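Fold and geometry: a report
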Amino acid sequence: MNLMYSNNIVLPKELIPYFRSNHAGETGAVYIYKAIIKFTKDKDILEFSELHLSTETKHLNLLENIVKKKDFSKLIILWKLFGFITGFIPSMLGRNFIYTTIYYVETFVEKHYQEQLNMLDNSKKSKKIRKIIEDLMKDEIHHKDDAKKKLKNLTIFNKFWGQIITHGSNLAVNVSKRF
């Protein structure tokens, strides 16, 4: 991802809650991967997680340069905790649950970023923000596709876990937009 965005990006007022939730989500993603790395011994999972952690850390750093500190979620400690738990649980259940988690999280994130793109017009003013969101989304789609390739099969338990992930992500976005 190209991180050469200037710090003088001004977010339209209506996008501040979305970027607050983007920042909270990238924080959670970093902690998902930190938990997976801490609790897995599988070399393929470690390689996958370290690669994706690097990207998510870049995303988080980018958003910390765009979102004003006063606009960060007031619940950031919760997003770290929930992210860590979201990485820990599948680490205890095995590699297929790890890939399921990433697949469902990134599927949700892709839709969340698309919703933001749909809010923007094609004006010159929106161009920088559109490019940032598109770059973030492109990386998340890559993570989703990478996880999908590694999924062996989606059992009913994986699908149930995926629904928990989707609903939890939706709840986290809605709460972080407000707080």
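Residues numbered from 1 in each chain as written. Predicted model: local features only at pLDDT ≥ 70, side-chain atom pairs only at ≥ 80, totals over all residues. Heavy atoms only, no water.

**A look at the environment of K38**
- Note that K38 resides in helix α1 (residues 16-39).
- Along the chain, K38 and R95 lie 57 residues apart, while their C-alpha atoms are 14 Å from each other. (Helix = DSSP H or I, 4+ residues; strand = E, 2+ residues; numbered from the N terminus.)

**Quick word on the nonpolar core**
- Residues F19, I36, I66, I102, I129 and I133 are the most contacted members of the largest nonpolar core, which totals 38 residues.
- Elements supplying a minimum of two residues to this core: α1, α2 (43-66), α4 (95-119), α5 (124-150) and α6 (156-178).
- In terms of residue count, α4 provides more of this core than any other element does, 10 residues in total.
- Filtering out sequence-adjacent residues up to four positions away, F19 remains in contact with L11, L63, I66, V67, Q116, I129 and I133. (Core = buried A, V, L, I, M, F, W, Y, C linked by side-chain atoms within 4.5 Å. Buried < 20%, exposed > 50% of the residue type's maximum accessible area, 1.4 Å probe, protein only. Contact = heavy atoms within 4.5 Å.)

**Things to note about the layout of surface pockets**
- Approximately 650 Å³ is the volume attributed to the largest pocket.
- Lining of the largest pocket is provided by 31 residues; of these, G25, I32, G168, S169 and A172 occupy positions nearest its centre.
- For the lining of the largest pocket, the secondary-structure elements that each account for two or more residues are α1, α3 (76-93), α4 and α6.
- With 10 residues, α6 is the largest single contributor of residues to the lining of the largest pocket.
- In terms of residue class, the lining of the largest pocket is built from 17 nonpolar, 10 polar and four charged. (1 Å grid on protein atoms, 1.4 Å probe; cavity = no way out; pocket = protein on both sides within 12 Å on 5 of 7 lines; lining within 4 Å. Points joined across faces, edges and corners; volume = space filled by probe spheres on them. Nonpolar A, V, L, I, M, F, W, Y, C, P; charged D, E, K, R; others polar.)

**Some details on empty space enclosed by the protein**
- Across all of its chains, the model carries one cavity of 30 Å³ or more by this definition.
- In this structure, the largest cavity encloses a volume near 30 Å³.
- Looking at the largest cavity, the residues that line it are A29, I32, Y33, E56, I102, V105 and E106.
- Mapped onto the lining of the largest cavity, the elements with two or more residues apiece are α1 and α4.
- Here the lining of the largest cavity is composed, by residue class, of five nonpolar, no polar and two charged.

**Topic: a nonpolar patch on the surface**
- Nonpolar side chains collect at one region of the surface, where F39, I77, L78, L81, F82, I85, F88, I89, M92 and L93 lie side by side and expose about 840 Å² of accessible area between them.
- At nine residues, the largest contribution of residues to the nonpolar patch is made by α3.
- With respect to the element layout, F82 can be found in helix α3. (Patch = residues over 30% accessible without salt bridge, like charges linked within 9 Å, V, L, I, M, F, W, Y side chains within 5 Å. Areas by Shrake-Rupley, 256 points an atom, 1.4 Å probe, with all protein chains shown as cover. Salt bridge = Lys/Arg side-chain N within 4 Å of Asp/Glu carboxyl O.)

**Description of α6**
- Along its 23 residues, α6 runs 34 Å from first to last C-alpha, staying within 8% of the 33 Å computed at 1.5 Å per residue.
- Buried residues of α6: N158, W161, G162, I165, S169, V173, S176 and K177, and no others.
- Of the surrounding secondary structure, the elements contacted by the buried residues of α6 are α1, α3 and α4. (Expected span 1.5 Å × (residues − 1).)

**Concerning the pattern of salt bridges**
- Inspection of every chain in the model, using the stated rule, returns five salt bridges.
- Note that K70 is salt-bridged to D71, the shortest N-O span being 3.4 Å.
- Residue classification places K70 among the exposed residues on the basis of a relative accessible area of 60%.
- Close ionic contact of K144 with E110 constitutes a salt bridge, the shortest N to O distance being 2.7 Å. Separated by 34 residues along the polypeptide, K144 in helix α5 and E110 in helix α4 bring together distant segments of the chain.
- Accessibility expressed as a relative area gives 14% for K144, which makes it buried.
- In this structure, a network of salt bridges that share partners links the residues D42, D44 and R95.

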